[in-house]
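# Geometric and topological summary
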Amino acid sequence: MADATTQQHPLRTYFVVWGALFILSVFSYLVDVSPLEGFAKWSLITLFMLLKAGLIVSIFMHMVWERSSIALPILLPTGVLLFLMLLMLLEGDYIHSTRLAFFGS
Amino acid sequence: MVSDWSSDQQAFKGVPWGKAMMWIFLLSDTFIFACFLVGYMKVRITTTAPWPDASSVFALTAFGVKVPLLLIAIMTFILISSSGTMALAVKYGYQKDRNKTFVLLMITALLGLSFVGMQAFEWMKLIEDGVRPWENPFGAAQFGSSFFLITGFHGTHVSIGVIFLTIIAFKVKRGSLEDGRPGFLTGRKGRYEMVETVGLYWHFVDLVWVFIFAFFYLW
């Protein structure tokens, strides 16, 4: 309980995460300048992005040390957004094909 | 989680209410940014005009060489650095090390300020290049509207964060948090959790940038 109110973690943890964030950023930049295209590029960018986001939320924002009663109500609703993204992806494809059919080009 | 929530006392045990409320605010902010990014995804999918190539639109010429995304990369590293100093500030805050916390908070605020400055420069450059919310010379018109909306909203968040960081930094410096002095506006007693709460906001701003960087600039 005590560590939930006052977050105290070794300095090393922060420096390791900090370094990892830098390295992941360099990687995602390298992916962009590299000749990689299509699926390989997108999946690598997404992978590095999710790793960075996970590190920030879990370590810098101390989510791994929080009780599940606060962690789950914050993290679970964001899953709904994935569903919204999926819906819009399907809808977007449909609109795109309709536009191509009616406006040409 | 179920036992905490059904315990008839407080649901968020061991979490100061300021921090719990900040988390809930951040959740709502997540939804706002997610709607922007999903909207951006949708206009990008549906447009029939070619989408501008971000790497070349945001390229800068340094020492006679055209480097793609140079400014964006620097901005990314600045924001990550500020996140690191923020995390350290929270740690030293809980150790009640006032000087270190003050210095780290001010470094964080300065890095944030330089980020906003670079973003202003980027906006000026793009406006000079003829990018407008309704049209641009590189391709699909939706590029401009998504760009100004998303980066503008994010930049506003960074600016507000800089203001809050500065306020908290001076509260730490003069010992308001140590003595539990009530604040000027809210009358809330100063506590070191405030450093962590403003830290949560700042890390969130960095988190949003991670997604913008990936989806808008790299994708």
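Everything numeric in this text was worked out from a predicted model, so none of it was measured. (Residues numbered from 1 in each chain as written. Chains lettered and ligands numbered in written order. Predicted model: local features only at pLDDT ≥ 70, side-chain atom pairs only at ≥ 80, totals over all residues.)

### Structural notes on the overall build of chain A
Here is the rule we go by: Secondary structure elements are taken from DSSP: a helix is a run of H or I of four residues or more, a strand is a run of E of two residues or more, and numbering for both begins at the N terminus. Only C-alpha atoms enter the radius of gyration, while the globule expectation follows 2.2 Å times N to the 0.38, with N the number of residues.
For chain A, the count of helices and strands is 4 helices and 0 strands. Going from the N terminus to the C terminus, chain A shows its helices and strands as α-α-α-α. In terms of overall dimensions, chain A is more spread out than a globule: its C-alpha atoms have a radius of gyration of 20 Å, far above the 13 Å expected for 105 residues. In terms of principal-axis extent, the alpha carbons of chain A reach across some 65 × 35 × 15 Å.

### Remarks on the interface of chain A and chain B
Quick note on the threshold: It is the C-beta atoms, placed from the backbone, that decide contacts: two residues are in contact if theirs lie within 7 Å. When residues are sorted by character, Ala, Val, Leu, Ile, Met, Phe, Trp, Tyr, Cys and Pro go into the nonpolar class, Asp, Glu, Lys and Arg into the charged class, and all the rest, Gly among them, into the polar class.
Opposite the 46 residues of chain A that make contact, chain B presents 45 residues. For the side of chain A that touches chain B, the secondary-structure elements that each account for two or more residues are helix H1 (2-5), helix H2 (11-33), helix H3 (38-60) and helix H4 (68-103) of chain A. Broken down by element, the side of chain A that touches chain B gets its largest block of residues, 18 residues, from H4 of chain A. Taken together, the residues that form the side of chain A that touches chain B break down as 27 nonpolar, 13 polar and 6 charged.

### Focus on the environment of Leu51 of chain A
Structurally, the position occupied by Leu51 of chain A is in helix H3. Placed 30 residues apart in sequence, Leu51 of chain A and Leu21 of chain A show a C-alpha to C-alpha distance of 8.5 Å.

### Things to note about H3 of chain A
Spelled out, the test is: Take the residue count of a helix, subtract one, and multiply by 1.5 Å to get its expected span. The burial label depends on the number of other C-beta atoms within 10 Å of a residue's C-beta. Counts of 20 or more mean buried, 12 or fewer mean exposed, and intermediate counts mean partly exposed, with C-beta atoms placed from the backbone.
For H3 of chain A, which comprises 23 residues, the first-to-last C-alpha distance of 32 Å matches the rise-based estimate of 33 Å (1.5 Å per residue) to within 8%. Regarding H3 of chain A, the residues found buried are Ile45, Phe48, Met49, Lys52, Leu55, Ile56, Val57, Ile59 and Phe60 of chain A. Against H2 of chain A together with helix H4 (70-94) and helix H8 (193-218) of chain B lie the buried residues of H3 of chain A. Looking one or two places after H3 of chain A, you find His62 of chain A, whose phi comes out positive at around 60°.

### Points about the confidence of the model for chain B
Here is the rule we go by: On a scale of 0 to 100, pLDDT captures the predictor's confidence in every residue.
For chain B, per-residue confidence averages 89 on the pLDDT scale, and 100% of positions sit at 70 or higher. Across the interfaces of the predicted complex, the ipTM metric reaches 0.87, alongside a pTM of 0.90.

### A few points about unusual backbone geometry
In most cases, non-glycine residues show a negative phi, while peptide bonds are predominantly trans. All names here are of chain A. Even without being a glycine, His62 presents a positive backbone phi close to 60°. Relative to the helices and strands, His62 resides in the loop between H3 and H4. On the neighbour-count criterion, His62 (21 C-beta atoms within 10 Å) is buried.

### Some remarks on the nonpolar core
The line we're drawing: To form a nonpolar core, buried Ala, Val, Leu, Ile, Met, Phe, Trp, Tyr and Cys residues must be joined through C-beta atoms within 7 Å.
Grouped together as the largest cluster of nonpolar side chains are 70 residues, with contacts concentrated most on Ala89, Leu105, Leu165, Ile168, Val195, Val210 and Phe213 of chain B. Those elements that provide at least two residues to this core are H2 and H3 of chain A together with helix H2 (17-46), H4, helix H5 (98-128), helix H6 (142-173) and H8 of chain B. The element that contributes the greatest number of residues to this core is H8 of chain B, accounting for 18 residues.

### Examining the environment of Glu91 of chain A
You can see Glu91 of chain A is positioned in helix H4. A C-alpha to C-alpha distance of 34 Å links Glu91 of chain A and Val26 of chain A, two positions 65 residues apart in sequence.

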